[in-house]
Amino acid sequence: MSYALLFPGQGSQRMGMGKELYEEHIEARQILESACEFLDYDLKKIMFEGPEEVLTDTIYAQPAIYVCSAMYLEKVKKEGISYSYVAGHSLGEYSALYASGAVSFLDGLALVEKRGRAMGEENGKGCMAAVTGMTEEMLKPIVEAEKDVVIANLNTETQLTLSGTEQGIGAVTQVLEAYDEVVVKRLAVSAAFHSPQMKRAANKMRQVIEQTIMHTPSIYMVPNVTGIPTKDIDAIRELLFLQITGQVRWKDSILAIRDAGVEGFYEVGCGRVLKRIHPFILTEPKCYSV
């Protein structure tokens, strides 16, 4: 049997993440210790003890999530789970890149560390909100009326994410309040991820991405921007850059993997964020936890 591995993104972090794996699996322990040697701060302490305001800071959250997912990947390997497709939600795409064999663990960590810093510098310059109960077709004309708001994530048919300025998100929210079945919830992020407001962060990352050693992946990777499986490393490299300002087409990614005939999905990382939204995209094949 062959499975797909799914990697969560920012927002999946929590204090104590990876601690049980660290204590029980030597391979996971080696992953975290090598990350701590590479970084100029004690990531293990932040992951295990917080404080929460540090762990949720984009600068530290992104490396923490990437490293924790790599620790869980060691568990996947140890349990002999065979996988032929990988996908990651937003930041999780870098974990997928590592799992595909396209980059080494430390090269992937270097990318994520620089991405976290570049995006963290945009803190306070925007916000995001989840919209439940409305399709993309219904939401699009409302969003297009506000120049500073975009649909950032297409998670399920009726669970989307907006990204933009405080004023723009506020205006769209006010319109959506008139719809009885629609729920709008602000996300606990301090910037407008996956929007044109991340252009400066994307430009900082372009050279970093271009200079990182990457290899043709041994399995299919499904980039967020297209939702189409590929092994083309040049395309993957370019899509990593475009992803910072572009959409996360998560529903399309899951459906594309399903159509390729996998037996099931495994969420690999901290929390069960992707497993919880999976039933809203597919009932079969199911998504399991590692």
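All values derive from a computational prediction rather than experimental measurement.

Caption draft 1: Representation of the overall build of the chain within the structure. A tally of regular secondary structure across the chain gives 13 helices and nine strands. In terms of overall size, the chain behaves like a compact globule, its C-alpha atoms giving a radius of gyration of 18 Å where 290 residues would be expected to give roughly 19 Å. Seen through its principal axes, the chain has C-alpha atoms that stretch 55 × 40 × 35 Å. Considering only contacts within the chain whose residues lie at least 6 apart along the sequence, 73% involve residues at least 24 apart. Carbon together with sulfur atoms contributes 50% to the accessible area of the chain, which is approximately 12,600 Å² in total. Considering the chain, the positive charge centre built from 29 side chains and the negative charge centre built from 38 side chains are found 2 Å apart.

Caption draft 2: Representation of helix H11 (residues 233-243) within the structure. Buried within H11 are the following residues: Ile-233, Ile-236, Arg-237, Leu-239, Leu-240, Phe-241 and Gln-243. On its buried face, H11 is in contact with helix H6 (92-99), helix H7 (105-120), helix H10 (199-211) and strand S7 (220-221). The N-cap of H11, judged by a side-chain oxygen 3.0 Å from the amide nitrogen of Asp-234 a few residues on, is Asp-232.

Caption draft 3: Structural detail: the nonpolar core. Counting 65 residues, the largest nonpolar core has Met-47 and Val-67 as the members making the most contacts within it. For this core, the leading source of residues is helix H5 (residues 58-78), giving ten residues. In contact with Met-47, not counting residues within four places along its chain, are Arg-14, Met-15, Gly-16, Met-17, Leu-32, Leu-55, Ala-64, Val-67, Cys-68 and Met-71.

Caption draft 4: Examining unusual backbone geometry more closely. Residue Pro-51 is reached from Gly-50 by a cis peptide bond, and omega for that bond is 5°. By the element assignment, Pro-51 lies in the loop between helix H3 (43-49) and helix H4 (52-55). Although it is not a glycine, His-194 adopts a positive phi angle of roughly 55°. Summarising the element assignment, His-194 is placed in the loop between strand S6 (183-186) and H10.

Caption draft 5: Spatial organisation of the pairing of strand S1 (residues 3-7). In terms of burial, S1 is a largely internal element, five of the five residues being buried. Burial of S1 is two-sided: the residues Tyr-3, Leu-5 and Phe-7 facing one way and the residues Ala-4 and Leu-6 facing the other way are all buried. Pairing of S1 with strand S2 (residues 83-88) involves five bridges; the strand directions are parallel. What sits directly across from Ala-4, in S2, is Tyr-85. Of the strand pairs in this sheet, S1 and strand S8 (residues 265-267) are connected by three bridges, and their pairing is parallel. Pairing of Leu-6 across the sheet is with Glu-267, part of S8.

Caption draft 6: Spatial organisation of the packing of aromatic side chains. What the rule picks out here adds up to eight aromatic pairs. Measuring from ring centre to ring centre gives 5.3 Å for Tyr-3 and Tyr-266, while their planes differ by 70°; the resulting arrangement is edge-to-face. One end of the pair, Tyr-3, is in strand S1; the other, Tyr-266, is in strand S8, and 263 residues separate them in sequence. Between Tyr-66 and Tyr-98 the ring centres are 6.3 Å apart and the planes differ by 55°, which places this aromatic pair in the tilted class. Placement of Tyr-66 in helix H5 and of Tyr-98 in helix H6 is noted, with a sequence separation of 32 residues between them.

Caption draft 7: Broad picture of the sheet that holds strand S5 (residues 159-164). The strand order S4-S5-S3-S6 describes an open sheet built from four strands, whose pairing is antiparallel. The outermost strands of the open sheet, each flanked by one partner alone, are strand S4 (149-156) and S6. The mean angle between the axes of side-by-side strands here comes to 25°, regardless of whether they run parallel or antiparallel. Two elements, S4 and S5, share six bridges in a ladder whose sense is antiparallel. Of the residues in S5, the one forming a bridge with Leu-154 is Leu-160. Lying over the sheet, helix H8 (residues 136-144) contacts strand S3 (127-132), S4 and S5, oriented at roughly 170° with respect to S4.

Rules and cut-offs
Numbering of residues starts from 1 in every chain and runs along the sequence as written. For this predicted model, a pLDDT threshold of at least 70 governs which residues receive local features, and a threshold of 80 or more governs which side-chain atom pairs are given and counted, while totals over whole chains, interfaces and linings are taken from all residues. Side-chain descriptors were evaluated using all non-hydrogen atoms of the structure, hydrogens and water having been removed beforehand. Numbering of helices and strands starts at the N terminus; helices are DSSP runs of H or I of at least 4 residues and strands are runs of E of at least 2. Only C-alpha atoms enter the radius of gyration, while the globule expectation follows 2.2 Å times N to the 0.38, with N the number of residues. Should any heavy atoms of two residues lie within 4.5 Å, those residues are counted as being in contact. We get accessible surface area from the Shrake-Rupley algorithm with a probe of 1.4 Å; when it comes to residues, only the shown protein chains can shield them. When charges are counted, Lys and Arg are positive and Asp and Glu negative, with His and the chain ends excluded. Taken as the charge centre is NZ of Lys, CZ of Arg, CG of Asp or CD of Glu, depending on the residue. Only protein chains enter the accessibility calculation, which uses a 1.4 Å probe. A residue is then buried if its area is under 20% of the maximum for its type, exposed if over 50%, and partly exposed in between. As used in this structure description, the phrase polar contact means that two N or O atoms lie within 3.5 Å; if the pair is within protein, one of them must be able to donate a hydrogen and the other to accept it, and residues adjacent in sequence are counted only when both atoms belong to side chains. The definition of a nonpolar core used throughout is a set of buried Ala, Val, Leu, Ile, Met, Phe, Trp, Tyr and Cys residues joined through side-chain atoms within 4.5 Å. When DSSP finds at least two bridges between two strands, those strands are taken to pair. Between rings of Phe, Tyr and Trp, where Trp is taken as its six-membered ring, a pair exists when centres lie within 6.5 Å; planes separated by under 30 degrees are stacked, by over 60 edge-to-face, and by other angles tilted. In this description, a line fitted to the C-alpha atoms serves as the axis of each element, helices being fitted only across the stretch in contact, and the angle between N-to-C directions of two axes falls anywhere from 0 to 180 degrees.

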